[in-house]
Amino acid sequence: MTMVINNKGHGIQSQKRDQSESAEKFAMHIAMTAESLKKLKAEGLYYEYTKAADPVGSGVISSVPYAEFSGALHQGDKTELIPLDVSEALGCEGPATSPALCANFVHILPNEKLTTSFNATSQLIYVIRGSGTTLFSGDSIPYRTGDFLVLPLGSETTHVADADTAFYLVHDEPLLRYLGAEAKYPRFKPTLYSSEDSLKELARVEQDGESVNRSRVSILLANKEMDQTLTVTHTLWAMLGVLPKGTVQLPHRHQSVALDLILDCEPGCYSLVGSKIDSDGKIIDPKRVDWQPYSAFITPPGYWHAHHNESGKKAHLIPMQDAGLHTYLRSLDIRFVLPKT
Ligand SMILES: [Fe+2]
């Protein structure tokens, strides 16, 4: 404060008044700081290390559950979005199919449309059946059976169906909800992987002489923008695989969750899933998941899984995962049981 002192001492009185005012303000500030500090400390906790080092192991946070979702869900009599929701088992706000992802069936009757709006960084759509047009951010994108359509952001998207249409649609809104974040900036361009192109690529891998020596015959969808993770988006991962008749895809495991969509299959196709393998690479005490055409199931993170085809016909599957994110975090930890030589 600027003060002029005159020869009658008025300046001294003014100085005293100012000092008293600022002492009052300082006292108030101290009181407010004490209150603020109390508030700032109110939510904090301390745990002894062993009590909190492994919340999953101790059961404080739930494991990702096994769950199966019948293909009958996308064959109802109305146009609808059907979230494959296990949020209650996960103990999180729903809908969610894993902590980071939400898988959905979408059913659109002929000549009807469905509009969605997710707070997501990535939407990955596989067209189970049907055809039509997707309207996204000023683009009109045609789709038909067997296409994959990948969209950045989940903002308003309208799907118009020319024929009875079903999608398998996975997005990452649960991750953003957990982070308290809003997806604002697209990280890649809308991308179409047509049925024709993806099946041609798969056939190329299948016909490769080396494929008989591989435990899995499949292609991974990728995007030029994801030149470090080699995945379909920065959070998502998608595979199109074929399981030839009479074959076994040996066990493997990874820390990403797999939200598996089964395509065509005959009875005798199944997956074995379990938390441990023995010294011969066999899954100990596995859970058997019998495949049903155009149905879905969850393979929890960290679990060994092997696919078996004891039918007389080849089968196809599309696992979608949060492996884009895990790969970026260097936490994927993928491991394989290798064929015995
Ligand atoms: Fe897997």
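Residues numbered from 1 in each chain as written. Predicted model: local features only at pLDDT ≥ 70, side-chain atom pairs only at ≥ 80, totals over all residues.

A. The arrangement of the domain arrangement of the chain in detail. Each assigned domain of the chain is listed here: domain 1 (64–193) and domain 2 (195–336). A straight line from the C-alpha centre of domain 1 to that of domain 2 covers 21 Å. Between domain 1 and domain 2, the contact holds 33 residues from the first and 31 residues from the second. Broken down by secondary-structure element, the contributors of at least two residues to the side of domain 1 that touches domain 2 are β1 (67–69), β4 (113–129), β7 (148–161), β8 (165–171) and β9 (191–193). When residues in the side of domain 1 that touches domain 2 are grouped by element, the largest group, five residues, is from β4. Broken down by class, the residue content of the side of domain 1 that touches domain 2 amounts to 19 nonpolar, nine polar and five charged. (Domains from an automatic or database assignment. Contact = placed C-beta atoms within 7 Å. Helix = DSSP H or I, 4+ residues; strand = E, 2+ residues; numbered from the N terminus. Nonpolar A, V, L, I, M, F, W, Y, C, P; charged D, E, K, R; others polar.)

B. How the structure looks around the nonpolar core. Within the largest apolar cluster, 68 residues are counted, with the highest numbers of intra-cluster contacts made by Tyr126, Phe167, Tyr168, Ala238 and Leu259. Broken down by element, the residue count for this core peaks at seven residues, all from β4. Domain assignment of the residues forming this core places at least three in each of domain 1 (64–193) and domain 2 (195–336). (Core = buried A, V, L, I, M, F, W, Y, C linked by C-beta atoms within 7 Å. Buried ≥ 20, exposed ≤ 12 C-beta atoms within 10 Å, placed from the backbone.)

C. Representation of the sheet that holds strand β12 (residues 248–253) within the structure. A sheet is described by the order of its strands in space; here five strands give the open sequence β15-β14-β17-β12-β19, paired in antiparallel fashion. The open sheet has two edge strands with one neighbour each: β15 (287–290) and β19 (335–336). As defined by bridge partners, β12 adjoins strand β17 (residues 304–309) across three bridges and the pair is classed as antiparallel. Residue pairing across strands places Val248 opposite His308, the latter belonging to β17. (Pairing = 2+ DSSP bridges.)

D. The arrangement of unusual backbone geometry in detail. Cis geometry is adopted by the peptide bond preceding Pro95, which originates at Gly94 and carries an omega value of 0°. Relative to the elements of secondary structure, Pro95 occurs in the loop between α4 (87–90) and β3 (102–108). Phi is positive for Asp285, close to 45°, though the residue is something other than glycine. Along the chain, the position of Asp285 falls in the loop between β14 (269–274) and β15. The exposure class of Asp285 is exposed, given the 8 C-beta atoms found within 10 Å.

E. Just the sheet that holds strand β16 (residues 296–299), in detail. One open sheet holds the six strands; their spatial order is β1-β16-β13-β18-β11-β10, and the pairing between them is antiparallel. Of all the strands in the sheet, the pair left with one neighbour each is β1 and β10 (217–220). Each neighbouring strand pair of the sheet contributes to a mean axis angle of 20°, computed without reference to strand direction. For strand β13 (residues 258–262) and β16, the ladder comprises four bridges, and the chain directions are antiparallel. In the sheet register, Leu259 faces β16, and the bridge partner there is Ile298. (Axes fitted to C-alpha atoms, helices over the stretch in contact; angles between N-to-C directions.)

F. Examining the environment of Arg17 more closely. Residue position: Arg17 is located in helix α1 (residues 10–42). Its 10 C-beta neighbours within 10 Å are what place Arg17 among the exposed residues. C-alpha separation for the pair Arg17 and Ala203, spaced 186 residues apart in sequence, amounts to 89 Å.

G. The pairing of β13, seen in detail. Here β13 lies mainly inside the structure; five of its five residues are buried. Alternating positions in β13 separate into two faces, Ala258, Asp260 and Ile262 on one and Leu259 and Leu261 on the other, with burial throughout. As paired strands, β13 and strand β18 (residues 315–321) are joined by five bridges and run antiparallel to one another. Paired with Leu259 across the strands is Met320, a residue of β18.

H. Broad picture of the pairing of β8. Within β8, seven of the seven residues are buried, leaving the element largely enclosed by the surrounding structure. Taking every second residue as pointing to the same face, both faces of β8 are buried, with Thr165, Phe167, Leu169 and His171 on one and Ala166, Tyr168 and Val170 on the other. In the sheet, β3 pairs with β8 via seven bridges, with the strands oriented antiparallel. The residue bridging Cys102 from the neighbouring strand is His171, located in β8. Examined bridge by bridge, β4 and β8 share six bridges and lie antiparallel to one another. Directly across from Gln123, in β8, lies its bridge partner His171.

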